[in-house]
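Given next are the chains, with one letter for each unit.
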Amino acid sequence: MNKVILMGRLTRDPEVRYSQGASQTSVARFSVAVDRRFKREGEPDADFFNCTCFGKQAEFVERYLHKGTKVVLCGRIQNDNYTNKDGQMVYSVRVMVDEIEFAESKNASAGNNDGGYNNGYNNGGFGGGNAPAASGAGDGFMNIPDGIDEELPFN
């Protein structure tokens, strides 16, 4: 079985490209810093993992994630070995992401020096921009007006 679950922050803005051909597929590459739970003197505080995702996941990453965003992701580890121009074998691994989600609220993310994320509610993202504005309570949640149940696509 090859399965990995990571929680960490993007170390840079994602790089998104599109494949050529009749059916273009988006490909997002990014790096996630995962804090070490235990560390010894002289060891690094975090590990850095290169990640790749495709299709709808890549479009989500492109639209909503940027440097500093805290995410939880699930995927598999894949060898990313190659021979460099000097003929030496370079060994590395890459996480092929199957699922990715936000790991903190928008307000918690806004307090992060490296940035936050935009949940897209009032700019054509989730809900087509028709969702109500967030309350000023500062709790990371928004007020849902009465009667909105009829507009939801699920019950």
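Our structure is the block above this text.
Residues numbered from 1 in each chain as written. Predicted model: local features only at pLDDT ≥ 70, side-chain atom pairs only at ≥ 80, totals over all residues. Heavy atoms only, no water.

J.: Give a detailed account of the overall build of the chain, specifying residues and quantitative values.
T.: Scanning the chain for helices and strands turns up 2 helices and 8 strands. By sequence separation, contacts in the chain at least 24 residues apart represent 55% of the contacts at least 6 residues apart. Of the roughly 10,800 Å² of accessible surface on the chain, 47% is carried by carbon and sulfur atoms. (Helix = DSSP H or I, 4+ residues; strand = E, 2+ residues; numbered from the N terminus. Contact = heavy atoms within 4.5 Å. Areas by Shrake-Rupley, 256 points an atom, 1.4 Å probe, with all protein chains shown as cover.)

J.: Just give me the short version of the packing of aromatic side chains, but keep the residues and values in it.
T.: A complete count under the given rule lists 2 aromatic pairs for this structure. Aromatic side chains F60 and Y64 sit 5.5 Å apart centroid to centroid with 45° between the ring planes, which places their arrangement in the tilted category. On the criterion of helical spacing, the pair formed by F60 and Y64 is a turn pair, its members being 4 residues apart in helix α1 (residues 55-64). (Phe/Tyr/Trp six-rings, centres within 6.5 Å; stacked < 30°, edge-to-face > 60°.)

J.: Give a detailed account of the side chain of S31, specifying residues and quantitative values.
T.: By the element assignment, S31 lies in strand β3 (residues 26-35). If we skip the residues at most four places from it in the chain, S31 touches R9, L10, T11, R12, F48, F49 and N50.

J.: Give a detailed account of α1, specifying residues and quantitative values.
T.: The complete set of buried residues in α1 reads A58, F60, V61 and Y64. Relative to the axis of α1, the buried residues are bounded by an arc of 160° and lie together on one face. Contacts made by the buried residues of α1 are with β2 (15-18), β3, β4 (46-54) and β8 (93-102). (Buried < 20%, exposed > 50% of the residue type's maximum accessible area, 1.4 Å probe, protein only. Arc of directions from axis to C-beta.)

J.: So what's going on with the pairing of β8? Which residues, and what values?
T.: Alignment of β4 against β8, held across 2 bridges, turns out to be parallel. Looking at β8, one finds that C51 is bridged to V95. Judged from the 9 bridges that link them, strand β5 (residues 70-79) and β8 form a sheet pairing that is antiparallel. Along β8, the bridge assignment pairs V72 with E101. (Pairing = 2+ DSSP bridges.)

J.: Just give me the short version of the pairing of β3, but keep the residues and values in it.
T.: Of all 10 residues that make up β3, 8 are buried, and the element is covered over most of its length. Here strand β1 (residues 4-10) runs beside β3; their pairing, made up of 2 bridges, is antiparallel. Along β3, the bridge assignment pairs R9 with A33. Summarising the sheet, β3 and β4 pair through 9 bridges and their orientation is antiparallel. Residue pairing across strands places V27 opposite F54, the latter belonging to β4.

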